Every structure is written in structure tokens, then in C-alpha cells.
Amino acid sequence: MTSLTQKDVTTMLGPLDDVTVAKIIATGATADEVAQAQAWLCNDEALINAGKPLPAGRVGELVAIVAVIEDEAEPDVARQS
């Protein structure tokens, strides 16, 4: 198993700040686990409907890290009303 690099992470997940990339690398996750986390982030409803268990372990940790960044990037709909 090889360690993820910043290039690996940004290639798989797109541009992220250095702190987020460092958090992802620090999890010790593999490229396959990052891909699984990305699948959950992009299409969680379909995975749940297909009976897949909720992400746990490193995949769950990755989902939590990236979800926070995505939530911060989305405009606040409540403020726009």
C-alpha cells in the first residue's frame, strides 16, 4: 500500500486547500477508500437504496472531512430568502 500524495488527493477530489489535503492524507486512506468516499458524496441516496452500508472507518472519516468543505462552499439559501 502506497501513501496518498497531494496530487493523488486533488486528482481524485478536485482542488482542496492544503489543510484538507493534509487531513485526508493523515487518515492513512488508500486511493480505493478515497474513491469510495467520493462515491458516497456524489450519490449517497442511490447507494443507500442499493442496500450499501453507511460508510464507516476511514471511508466514513473521509466523507466527514470532505462534506464539511462542500457544506461551506454551498451558498446559504436561508440568507438569500
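Residues numbered from 1 in each chain as written. Predicted model: local features only at pLDDT ≥ 70, side-chain atom pairs only at ≥ 80, totals over all residues. Heavy atoms only, no water.

Topic: the nonpolar core
Line of reasoning, step 1. Counting 14 residues, the largest nonpolar core has Leu4, Val9, Ile24, Val34 and Leu62 as its most contacted members.
Line of reasoning, step 2. Elements represented by at least two residues in this core include exactly α2 (18–26), α3 (31–49) and α4 (57–73).
Line of reasoning, step 3. Ranked by residue count, the leading element in this core is α4, at 5 residues.
Line of reasoning, step 4. Ignoring any residue separated from it by four or fewer positions in sequence, one finds Val34 in contact with Leu4, Met12, Leu13, Ile24, Ala29 and Leu62. (Core = buried A, V, L, I, M, F, W, Y, C linked by side-chain atoms within 4.5 Å. Buried < 20%, exposed > 50% of the residue type's maximum accessible area, 1.4 Å probe, protein only. Helix = DSSP H or I, 4+ residues; strand = E, 2+ residues; numbered from the N terminus. Contact = heavy atoms within 4.5 Å.)

Section: the confidence of the model for the protein
Line of reasoning, step 1. Of the residues in the protein, 81% reach a pLDDT of 70 or more, and the chain-wide mean stands at 83.
Line of reasoning, step 2. The weakest mean pLDDT in the protein belongs to helix α5 (residues 77–80) at 51; the strongest belongs to α2 at 94. (pLDDT = per-residue confidence, 0-100.)

What to know about the side chain of Thr20
Line of reasoning, step 1. Note that Thr20 resides in helix α2.
Line of reasoning, step 2. The class for Thr20 is buried, based on a relative accessible area of 4%.
Line of reasoning, step 3. Sequence-distant contacts of Thr20, defined by excluding residues within four places in its chain, comprise Ile65 and Ile69.

Remarks on the pattern of salt bridges
Line of reasoning, step 1. Inspection of the entire model under this criterion finds 1 salt bridge.
Line of reasoning, step 2. Between Glu33 and Arg58 there is a salt bridge, with its nearest N and O atoms 3.0 Å apart. Linking Glu33 in helix α3 with Arg58 in helix α4, this pair joins segments that are 25 residues apart in sequence.
Line of reasoning, step 3. Taking relative accessible area as the criterion, Glu33 reaches 15% and is therefore assigned buried.
Line of reasoning, step 4. Assessed through its relative accessible area of 32%, Arg58 is described here as partly exposed. (Salt bridge = Lys/Arg side-chain N within 4 Å of Asp/Glu carboxyl O.)

Some words on α2
Line of reasoning, step 1. For α2, the set of buried residues is Thr20, Val21 and Ile24. Mapping the buried residues of α2 onto a view down its axis gives an arc of 100°, with all of them on the same face. Opposite its buried face, α2 presents the exposed residues Asp18, Val19 and Ala26, each directed more than 90 degrees away.
Line of reasoning, step 2. Sitting at the head of α2, Asp17 places a side-chain oxygen 3.1 Å from the backbone nitrogen of Val19.
Line of reasoning, step 3. In the segment just after α2, Gly28 is the residue with positive phi, at about 80°. (Arc of directions from axis to C-beta. Polar contact = N/O pair within 3.5 Å; in protein donor to acceptor, adjacent residues only side chain to side chain.)

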